[in-house]
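As a plain string of letters, each chain reads:
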Amino acid sequence: MNAAKQEIKVKRVSSRKRSRDRFKSDLTPAKKKGGMCLLKYPPNDLYGTTMADTNVVEYCSDSEDFFGGYDSILEDSSVLAKLDYAEQNERQQDVQHAAQDRPGNRQGTNFTSLRLSKDSTLKRACDDVLTDSILEGLQDEPFDYLPATQCEFQEQILENTKRHKHHDGEKTSTPLRDTEKLAEADVESDILHKTKRQRDMPKARRSVADQLKRTMLCNAAAPSSVSRSVVLKEAVVSEEISVAMQAMETVSAETTDLGPFFGLPSKVKDLTYKLKGIKNLYDWQEKCLNLDCVQERKNLIYSLPTSGGKTLVAEILILRELLCRKKDCLFILPYISLVQEKVRGLASFGLELDFMVEEYAGSKGKFPPVKRRSKSSLYVATIEKAHSLVNSLIETNRLDSLGLVVVDELHMLGDGNRGAIIEMTLAKVLYMSKTTQIIGMSATLGNIKDLQMFLRAENYTNDFRPVQLKEYVKLRDTIYEVDPKEEECFKFSRVLNFKYSSSMQKIDPDHIIALVTEVIPTQSCLVFCPTKKNCENVAGMICKYLKEDFLKHKEAEKALLLRELKDSGNGSMCPVLRRTVPYGIGYHHSGLTTEERKLVEEAYSSGVLCLLTCTSTLAAGINLPARRVILRSPYVATDFLKRSQYKQMVGRAGRAGIDTVGESILILQDKERTMAKTLVCAPVENCYSNLLHDDGKGLLSLILSLIGLKVTTSVEQVTDFLSQTLLHVQEKQLCVKKSLWEFAQECVEMLKEKGLITVTTDSQSEALQVTRLGKATFKGSVDLTYSDILYSDLSKGLEGLLLNSYLHLVYLVTPYDMISQCKPEWMIYFRQFTLLSAAEQKMSAAVGVPESFVARKAAGQSVKKNVNMEAVTRMYLALVLFSLLKETNLWNVAEKFQLSRGFIQTLLNSSSAFCSCVLHFTEELEEFWPFKALLMELTRRLSYCVKAELIPLMEVAGVMESRAKQLYNAGYKTLTHLANADPSILARSIENLYKKQASQIVASAKMLLNEKAAALQEEVDDLLMIPLDLPSH
Ligand SMILES: Nc1ncnc2c1ncn2[C@@H]1O[C@H](COP(=O)(O)OP(=O)(O)OP(=O)(O)O)[C@@H](O)[C@H]1O
Ligand SMILES: [Mg+2]
C-alpha cells in the first residue's frame, strides 16, 4: 500500500470541524466573505494556539456525552451526609444500649419505625441488610473461581479485614466474603434489627428486589399519621443538624493549617512517599501552599517551568478539599491518556483516605454524578467531560457540592474549540457558584493578567526547575548555547565531533545520528519531528547506522516488547517498529493504535527503549522526560514553531531525580537563524479566548446551553453572563467590529432561526427557552452545525430501522466530521458492498447509497445521477466500523480497507463518543424512544470493541486489550478478581507487569468496584426513602 498516499488521505490537521455551508455563510467574518457577518475574527496570530497536531486523536476520541442513566430521587446530599453522621452517633449509643438490653424488648418495636426512613437506628438496620446483599452479589461468584495463587492471599486478607473491621469500623475497601459477612451481620443484626420479622429473616443472601418488597410492605403497614408527624419533627432535627454541621465545617475550614501536613493527616505525607517517592516538598511548593490566598481558598493561577512539580501542589489542595472540607473536586486534564494515568495513580490515595476517584473520559462518567453521602468524590475529567459534568451539576442544582476545580495546562484556553470549552466550563462555575474555588496551572502563560482577571484569581510564579535545562541550537556542525543576554542570542559552545562517510552525510545531513549516539543507549533521547512520516523515517535511518552493540543492550526485554506489540496487533506488527525496536528505538505519534502507544511509552519509561522519535503530541500529552531532546527542525508540519510549543518540547529534557542536567538541541538551517532567535528568546505567546473560534461556534453553543440550563432567559442576562468571560476581558482585541452585546444578540437570533430556541410570552414578560431540538442538541453536546441533519437522519432511520445487523445503527452514529477525512477506494467499497446481505443493501439504498452507484464508480464509469456524496462516504466509514465490530481486529480491517491503523483507531474512538452523544440527543426526544436501548449497547460495543468477556477487565483505567487477555488467561476474569488480587502475585503471574503497575491495577479495580457497589447502594437508599410530601390521608 502506498503509505504516502494514505498519509494524505487520513491526515487530520486540526480539531476544527467542517461547517455546513449555510451556517458558515452566516458566521463567516466580513473580511472573508465581504458582506455582513456575525463574528469577526481577530488576526490569526492572536490565538495563542498551541500544538496544532496535539489533539488529533484525543480530541475526537473524547465524547461530550451528557446525562447518563442515573436519576437520583434525593436532592440534597449534604443533609444526608449530616444525617449519616448523626445516625452513626446514635447508632453507637444504640449499640451500647442494646448490649445492656439484649435480648430484651425486641418485639415491642413495630413496622412504623421502618417507615421512618430517616430514623437513625432503623434506617441503618435497613442499610446494613441491603449493603450485605449487594456486596454479596458483587463478590460472591468470583471467589469460587479465584486463581489458585490468590487463595492464600485471600485468606490472609479476610483475617486482616476481620481484625481491622472490629477495630476500625467498616473501612475495608475489599468486600468481605459471604461467610464473613454473615457472621458479622449476625452480631449486628442482633443489636440493630429490632423487628421480629427482620430477626427471623433467613441468613442466606436476599435479592435487592426482596429487600425492596419487604421494606415497602413494612412501610405500607405503618399508620401514616405517625409517619407524618415524625417526618416533620425530623425536618426540624435535620435543620438543626445542618446548622451545627455548617458551624463545624467552618471551624474545620479555619483550622486546616493545624494538620501536620499542610492541614492534612500525616498519613498523606507517608502515602506521598510510598506511592510517589516524594519525601520533601520543594521550597516553592511549600511556599505556594502556605500563601495567604491559598489558605483563604481564593482562586489561583500558578505558573512554573515544565517539570517544576506543579501537580503535587494541586493534588495536596484537592486532598484538602476532599478530606477537610468534605467537598467534591474536579481535576481537568487535556487527554484521555492523562486522565487514565491520574485515575490509576490516585486510586490508591482514594482507598487509603476514603474518597472516590471517578473517571470521566471517553465513554466513562455519569451525568449527573452519583451522589455520595458518606464520601467525597474526585472527578478526573477530560475537557469535554468536565463541561458536561458541570452542566449536569447546574441542571440538578448541585454545583455547590463542587469545592474545587483544578485545570492543568491552563494555556489550553487558547487552543481552538477545546479552549472554548474550558472557558465555558470555568465561566459557568464562576457565575453559578460562589463557593467553588478554581485553580489553574501552566508552564507557558504569556498574558497571565488577562487570565487572572477572567478567573478573579491570584497569581504565583516561580522559575524553579529541579533539573537545570540547557538549551542549544545546532547550525551546520557547530553547537551554540542559547543565551538571551548575548546580542546574537547564541553563544558558541562546541563543534560537533563526528566521522561520517559520504553516503552517511547524504542520508543524514543534519547529523542526527552523531547527536543521538552521544547519549544512547545508556541515557534517553527524544527526537521531535515535524510530521508523522518523518518520525518513522528518522527512526529507521538512525537504526541503519547504529553498531551491532546496540542490539545486545536489554535484548530480552526488547524481545518481550516485540512479542507484546505483536499480540496487541493480533499477530500483525508495524514493520518500522519491528526493525527499530531491536536497536532500542521506537516512534510515537497519533498513527499508532492506543495500545501500541501505551506499550511504546511504557518501554521508554522503563529504559527498554532509549530513543523515541515523535511529533509534538508527545510534548503535551505524556510525562516522558529525556536526558536529551532534539528538535529535528523548527516546524510542526509546515508551520513554524510557536514559542509555547518550543517550550513544551524542550521542557521534556532532564529527568527529575535521575539527571543533573537536561539539554535540548534545536537543529537549524542557515535561513532559519533569524526566526529561530525570536523562537528561543521571545516571551511566550499570549493566550486568547476562543469563543469566537470556528465561526463563533463556541459562543453559539455557550448561549444555547445557558438558555437550556435556565441560567439565562433574556439577551440582557446572556450579556451579563458574557461579561464574566475571558472574551469580555479581551473584548478590545477580539471584538473589533462588533461589541459583545451585538454578538450576543445576533447569536440569539441565529439560534432562533435554527429552531433551537424560542421566545415564550406571558402577560408580563418574554423569556428565552430552548426548543425540544435545542434541548436535545445541548444535552447531547451535538455540534450545532449537524443537529438538524442528525434529527432528519434519525427520523428517516426510524421509518425502516434494520435490526438484524449493526450496519444501520452504526451508519447513524458515524460522525459527520470524519466524512471529509476519507475518500472511498471504489473497488474496496464495491467488494465490501457485495458481501452485505440483501437487507443491508436495501437499507444502504434507502439512505441514498445504491449498489448501482458503487458498482459504476468501481468500474471507473462516470455517474450522472445526483447522489449525496456525504452519505456515500459516511456509508463507507460505516462499513469500516461494521467490519471492526464483527472481527474486532483493527489491523485486519486496516488492511482490508487500505487505511492506516491510526485512522481506524481515530474513527472508532470518535464513533463511540458520537454514539453516546446521539444517545443523549435521542433521550430528549420522545419520538426516538426505540434508540435508547439500542444505542446504549452500541456505545459499549464501540467503546471497547473487544470480545465481550474482556470488557469488565478493560473498564479498569489503562487496561487494554492485550493486557486484559493476559489477565483473563491467568484466571482474573472479572473486576472482582482484580480487586481482590495480591499485586505481588499478579505481577509474578503476568508477563512484563511491574509490581507498581500491578498495584495500580488492583487499586483502580478496587475503586471501581467500590464505586459500583456504592452507586447501587445509594440507588437502593433512594428507592426506600419516603417522600417528604407523601399525602398523609
Ligand atoms: N517535591 C518533589 N520532590 C521530588 N520530586 C518531585 C517533587 N515534586 C514533584 N516531583 C516530581 O517531578 C516530576 C515532574 O513533576 P510534575 O509532573 O508535577 O511537573 P509539572 O510542573 O506539572 O510539569 P509539566 O509542565 O511538564 O506538566 C514528577 O515526576 C514528580 O513526581
Ligand atoms: Mg504538569
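Reading guide: rules and limits
Residues numbered from 1 in each chain as written. Chains lettered and ligands numbered in written order. Predicted model: local features only at pLDDT ≥ 70, side-chain atom pairs only at ≥ 80, totals over all residues. Heavy atoms only, no water. UniProt positions renumbered as here; feature names shortened; annotations may be inferred. Helix = DSSP H or I, 4+ residues; strand = E, 2+ residues; numbered from the N terminus. Contact = heavy atoms within 4.5 Å. Buried < 20%, exposed > 50% of the residue type's maximum accessible area, 1.4 Å probe, protein only. Polar contact = N/O pair within 3.5 Å; in protein donor to acceptor, adjacent residues only side chain to side chain. Pairing = 2+ DSSP bridges. Near = heavy atom within 4 Å. Areas by Shrake-Rupley, 256 points an atom, 1.4 Å probe, with all protein chains shown as cover.

- An unreviewed UniProt entry lists the protein under the name Helicase POLQ-like, with Sphaeramia orbicularis as the source organism.
- Here the protein is described in UniProt, under the heading Sequence similarities (unreviewed entry), as follows: "Belongs to the helicase family. SKI2 subfamily."

1. Focus: the environment of Cys 529
Okay, step 1: When you line up the elements, Cys 529 lands in the loop between β11 (525–528) and α23 (532–544).
Okay, step 2: C-alpha separation for the pair Cys 529 and His 589, spaced 60 residues apart in sequence, amounts to 10.0 Å.
Okay, step 3: Apart from the residues within four sequence positions on either side, Cys 529 is in contact with Asn 534, Cys 535, Val 538, Thr 613, Cys 614, Thr 615 and Arg 632.

2. Things to note about the side chain of Thr 444
Okay, step 1: With respect to the helices, strands and loops of the structure, Thr 444 is situated in the loop between β6 (437–442) and α20 (448–455).
Okay, step 2: Accessibility expressed as a relative area gives 4% for Thr 444, which makes it buried.
Okay, step 3: Within the structure, Thr 444 has its side chain in polar contact with the side chain of His 411 (distance 3.3 Å).
Okay, step 4: Setting aside chain neighbours within four positions, we find Thr 444 in contact with His 411, Ser 644, Lys 647, Gln 648 and Val 684.

3. What to know about the pairing of strand β17 (residues 661–668)
Okay, step 1: Across the 8 residues of β17, 8 count as buried, placing the element largely inside the fold.
Okay, step 2: Alternating positions in β17 separate into two faces, Val 661, Glu 663, Ile 665 and Ile 667 on one and Gly 662, Ser 664, Leu 666 and Leu 668 on the other, with burial throughout.
Okay, step 3: Bridge analysis of strand β8 (residues 468–475) against β17 gives 8 bridges, and the strand direction is parallel. Paired with Val 473 across the strands is Leu 666, a residue of β17.
Okay, step 4: Bridging between strand β14 (residues 628–631) and β17 involves 4 bridges; their strand directions are parallel. Considered in β17, the bridge of Val 629 is made with Ser 664.

4. Description of the site of ligand 1
Okay, step 1: Close contacts around ligand 1 come from 15 residues, with Asn 280, Gln 285, Ser 307, Lys 310 and Thr 311 the closest.
Okay, step 2: Between ligand 1 and the protein, one listed contact pairs an oxygen atom with a backbone N or O atom of Gly 308 at 3.1 Å.
Okay, step 3: One of the backbone N or O atoms of Gly 309 is found 3.0 Å from an oxygen atom in ligand 1.
Okay, step 4: Relative to its unbound accessible surface of 640 Å², ligand 1 loses 78% to contact with the protein.

5. Considerations on α20
Okay, step 1: Within α20, 6 of the 8 residues are buried, which leaves it mostly tucked inside the rest of the structure.
Okay, step 2: Buried within α20 are the following residues: Ile 448, Asp 450, Leu 451, Gln 452, Phe 454 and Leu 455.
Okay, step 3: In the core, the buried residues of α20 are packed alongside β1 (300–303), α19 (416–432), β6, β7 (458–461), α33 (726–729) and α34 (731–734).

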